[in-house]
Amino acid sequence: MAVYPGYAETTNASRYLQQLCKHWGHKFEVEFDPSHGRIAFDTDTVCHLDADPQGLKLRLEAADPARGEQMKGVIVAHLVRFAFREELVVKWDEDSSASPHG
């Protein structure tokens, strides 16, 4: 399982977490509250989200590294669209992409 930790610095992390979860809740299994979220894109690809006052922490887990890379782009595209009022940047920790711990 490849693990992709990411982070976006923003004071609107809770809002974006909830928007992502509500958006994908129509197609995928989703659980969330204002500070934590989980989106199961499929049985082998899951994104965990944690919001705090400084930013949004992401942890994408994917059994297939190609699917992981694809979903990183999809997640970023959606976050940037939801954060159109600010210049949101998602930084993925590339050094940990193969780590089982994240």
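If you're wondering where the values come from, they're calculated on a predicted model, not measured in any experiment. (Residues numbered from 1 in each chain as written. Predicted model: local features only at pLDDT ≥ 70, side-chain atom pairs only at ≥ 80, totals over all residues. Heavy atoms only, no water.)

1. Thoughts on the pattern of salt bridges
Link 1 in the chain: Enumeration according to the criterion identifies five salt bridges in this entry.
Link 2 in the chain: Here Glu61 ties to Arg59 by a salt bridge, and the two come within 2.8 Å at their closest N and O atoms.
Link 3 in the chain: Judged by relative accessible area, which is 17%, Glu61 ranks as buried.
Link 4 in the chain: The salt bridge partner of Lys72 is Glu69, with a shortest N-O separation of 3.5 Å. Of the two residues, Lys72 and Glu69 are both situated in helix α2 (residues 65-82); the distance of three residues between them amounts to about one turn of the helix.
Link 5 in the chain: Relative accessible area serves as the criterion here: at 6%, Lys72 is assigned to the buried category.
Link 6 in the chain: Looking at Glu69, the relative accessible area reads 42%, which means it is partly exposed. (Salt bridge = Lys/Arg side-chain N within 4 Å of Asp/Glu carboxyl O. Buried < 20%, exposed > 50% of the residue type's maximum accessible area, 1.4 Å probe, protein only. Helix = DSSP H or I, 4+ residues; strand = E, 2+ residues; numbered from the N terminus.)

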